[in-house]
Amino acid sequence: MKSTPSTFGKTPHQPSLWTRADALKVHADDPTTTQPLVSANFPVLSDEVFIWDTMPLRDIDGNITSVDGWSVIFTLTADRHPNDPQYLDQNGNYDVIRDWNDRHGRAKMYYWFSRTGKDWKLGGRVMAEGVSPTVREWAGTPILLNEQGEVDLYYTAVTPGATIVKVRGRVVTTEHGVSLVGFEKVKPLFEADGKMYQTEAQNAFWGFRDPWPFRDPKDGKLYMLFEGNVAGERGSHKVGIAEIGDVPPGYEDVGNSRFQTACVGIAVARDEDGDDWEMLPPLLTAVGVNDQTERPHFVFQDGKYYLFTISHTFTYADGVTGPDGVYGFVADSLFGPYVPLNGSGLVLGNPSSQPFQTYSHCVMPNGLVTSFIDSVPTDDTGTQIRIGGTEAPTVGIKIKGQQTFVVAEYDYGYIPPMLDVTLK
Ligand code: FRU
């Protein structure tokens, strides 16, 4: 985490703004941007563990990659505690909702493999206990580096602090399955700087996580997206005319929206190995609109940059709202300007009758969107729910210019490879 002078050599770009006016165009339940209802009869991947954020193995260009015919996914994972006295309610029954809600505090990186791009088999933990420097192993991206099977796993080491880190290991295949070896030395890359990206000292609810490295198809350099909040003390941000956008009369009041300060961050690598990074100003900010733009990622299509990020209803600012789901923006060049897809940004949201059915969507370059099941109502009133902690049905979308359309639904956790690498 040394600090060297900027080698980037470009005039810093202006972040694009997701404005309150854009967000006023967000509408839940438009069938072209709504995830089909998930049935409460879903199968679970495992009775032993919950899984949520899913990170398919891919190459640096974003292609989902299998190795020797095996697909591999990484998941944030936590043990289920059906027999732990700590998770019994007053009637002695397993309180699965509390167990599920506590999962972030004990998140660990696991991997799974499959011959079919679904029906995943549990491989185990990626790093042995004690390897990762903090308690929580939060989301990131596994990158297959070469035909030797080397993998760089970028992820977020959280509590204490939040540091973007990487660990290198190797994927090994046999006829019967996949194992991950190595993954023993975690290298810290960078933390929020307080000048562009908000720190914990500036805001106890800050977000700084979810690295997604990629090679820019146009300039060929190595970059990384991540989730951040705009730097500054909590409450000090201004929601001015630029952040408000072109709103109708009566929509000028921004309430307490200065507390919502999400941004999509970007860093550039100073070296080809991705060991030395320089943070650049955010690509996109949502000040006055939303407090979280999580797991940002790209699809490069038709010479354009499609930037996707997940967000929640509860993180929207006063006076604007939208469903939990994935939002998107498009630009002709990496540094923008970005415009919201479908006018609003909404690409795939939960239906209002099942507002928490899925989350943590990842749009893959083949138009398939994977996510996990959070909770699905089991009665008409929505008071009884079934907790998921497993893969949701995959959804197909079509991306056309500045618009997207839901066009297909596939099996649970269907993540087919886009290319196969034969290991040497
Ligand atoms: C998204 C997310 C990520 C984070 C992880 C923590 O579901 O909030 O941003 O890395 O989950 O569990």
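Here is a short report on the structure shown in this document. Note that this is a predicted model, so its numbers are computed, not measured.

Met 109, Val 126, Phe 190, Phe 208, Trp 277 and Phe 308 are the most contacted members of the largest nonpolar core, which totals 77 residues. With sequence-adjacent residues up to four places away left out, Val 126 is seen in contact with Phe 74, Met 109, Tyr 110, Tyr 111, Leu 153, Leu 180 and Phe 183. Counting residues in each nonpolar core, the second largest holds 29 residues, with Trp 212, Ile 266, Leu 280 and Phe 298 among its members.

Take His 237: it is sitting in the loop between strand S12 (222-229) and helix H3 (241-244). For His 237, the side chain forms a polar contact with the main-chain oxygen of Val 230, separated by 2.9 Å. The contact partners of His 237, leaving out residues within four places of it in the chain, are Gln 198, Val 230, Ala 231, Gly 232, Arg 258, Thr 261 and Val 287.

The next thing to look at is the packing of aromatic side chains. Under the criterion given, the structure shown has 25 aromatic pairs. Through a chain of ring-to-ring contacts, three or more aromatic side chains come together here, namely Trp 212, Phe 214, Tyr 223, Phe 298, Phe 300, Tyr 305 and Phe 335. Here Lys 118 stacks its cationic end above the ring of Tyr 414, 5.9 Å away from the centre of that ring. Here the guanidinium or amino end of Arg 386 rests over the ring plane of Phe 42, the centre of that ring lying 3.8 Å away.

Once that is clear, we can look at the sheet that holds strand S8 (residues 150-158). The strands that make up a sheet pair up through hydrogen bonds in the backbone, lying either parallel or antiparallel. Within the open sheet, the 4 strands sit side by side as S7-S8-S9-S10. Their pairing is antiparallel. At either end of the open sheet lies a strand with only one pairing partner, and these are strand S7 (136-144) and strand S10 (178-190). Taking the axes of each pair of neighbouring strands and ignoring which way they run, one obtains an average angle of 25 degrees across the sheet.

A few words on the site of the ligand. Taken together, Trp 52, Asp 53, Leu 76, His 104, Trp 138, Ala 139, Arg 209, Asp 210, Glu 227, Glu 294, Tyr 359 and Ser 360 form the complete shell of residues around the ligand. Residue His 104 places a side-chain N or O atom 2.6 Å away from an oxygen atom belonging to the ligand. Glu 294 places a side-chain nitrogen or oxygen 2.7 Å from an oxygen atom of the ligand. For the ligand, whose free accessible area comes to 320 Å², the fraction covered by protein is 96%. Comparing atom positions with the cavity grids shows the ligand to sit within the largest pocket. Contributions of two or more residues to the shell around the ligand are made by strand S2 (49-56), S7, strand S11 (209-215) and strand S20 (358-363). A breakdown of the residues in the shell around the ligand according to their chemical character gives 5 nonpolar, 2 polar and 5 charged.

Our next topic: unusual backbone geometry. Going from Thr 159 to Pro 160, the amide bond is cis rather than trans, its omega being 0 degrees. Structurally, Pro 160 can be placed in the loop between S8 and strand S9 (162-173). Across the junction of Gly 336 and Pro 337, the peptide omega takes the value 5 degrees, indicating a cis bond. Following the sequence through the fold, Pro 337 ends up in the loop between strand S17 (325-331) and strand S18 (339-340). In this model, Asp 210 sits at a positive phi of 65 degrees, which is unusual for a non-glycine residue. Its location among the elements puts Asp 210 in strand S11. Unlike most non-glycine residues, Arg 295 shows phi in positive territory, near 40 degrees. Looking at the secondary structure, you find Arg 295 in strand S15 (residues 294-301). On the accessibility criterion, Arg 295 (8% relative accessible area) is buried.

Below, the discussion takes up the layout of surface pockets. Estimates place the volume of the largest pocket at around 990 Å³. Taken together, 47 residues form the lining of the largest pocket, with His 104, Gln 292, Glu 294, His 312 and Phe 314 sitting closest to its centre. Of all the elements, strand S21 (residues 368-377) adds the most residues to the lining of the largest pocket, at 4 residues. The residue makeup of the lining of the largest pocket, split by class, is 22 nonpolar, 13 polar and 12 charged.

So, about the sheet that holds S11. Ordered by their spatial adjacency, 5 strands build an open sheet running S1-S14-S13-S12-S11, and the pairing between neighbours is mixed. What marks the edges here is a single partner per strand, and that holds for strand S1 (16-17) and S11. The pairing of S1 with strand S14 (residues 277-287) spans 2 bridges and is parallel. Counted as the bridge partner of Ser 16 is Leu 284 from S14.

Scanning the model with the defined rule gives 1 cavity of 30 Å³ or more in all. A volume near 170 Å³ is recorded for the largest cavity. Taken together, 19 residues line the largest cavity, and the ones lying closest to its centre are Arg 58, Trp 212, Arg 295, His 297 and Cys 362. Secondary-structure elements contributing two or more residues to the lining of the largest cavity are S2, S7, S11, S15 and S20. In terms of residue count, S15 provides more of the lining of the largest cavity than any other element does, 4 residues in total. A class-by-class count of the residues in the lining of the largest cavity yields 12 nonpolar, 4 polar and 3 charged.

Reading the values: rules and limits
Residues numbered from 1 in each chain as written. Predicted model: local features only at pLDDT ≥ 70, side-chain atom pairs only at ≥ 80, totals over all residues. Heavy atoms only, no water. Core = buried A, V, L, I, M, F, W, Y, C linked by side-chain atoms within 4.5 Å. Buried < 20%, exposed > 50% of the residue type's maximum accessible area, 1.4 Å probe, protein only. Contact = heavy atoms within 4.5 Å. Helix = DSSP H or I, 4+ residues; strand = E, 2+ residues; numbered from the N terminus. Polar contact = N/O pair within 3.5 Å; in protein donor to acceptor, adjacent residues only side chain to side chain. Phe/Tyr/Trp six-rings, centres within 6.5 Å; stacked < 30°, edge-to-face > 60°. Lys NZ or Arg CZ within 6 Å of the ring centre and 35° of its normal. Pairing = 2+ DSSP bridges. Axes fitted to C-alpha atoms, helices over the stretch in contact; angles between N-to-C directions. Near = heavy atom within 4 Å. Areas by Shrake-Rupley, 256 points an atom, 1.4 Å probe, with all protein chains shown as cover. 1 Å grid on protein atoms, 1.4 Å probe; cavity = no way out; pocket = protein on both sides within 12 Å on 5 of 7 lines; lining within 4 Å. Sits in = over half its atoms within 2 Å of the grid points. Nonpolar A, V, L, I, M, F, W, Y, C, P; charged D, E, K, R; others polar. Points joined across faces, edges and corners; volume = space filled by probe spheres on them.

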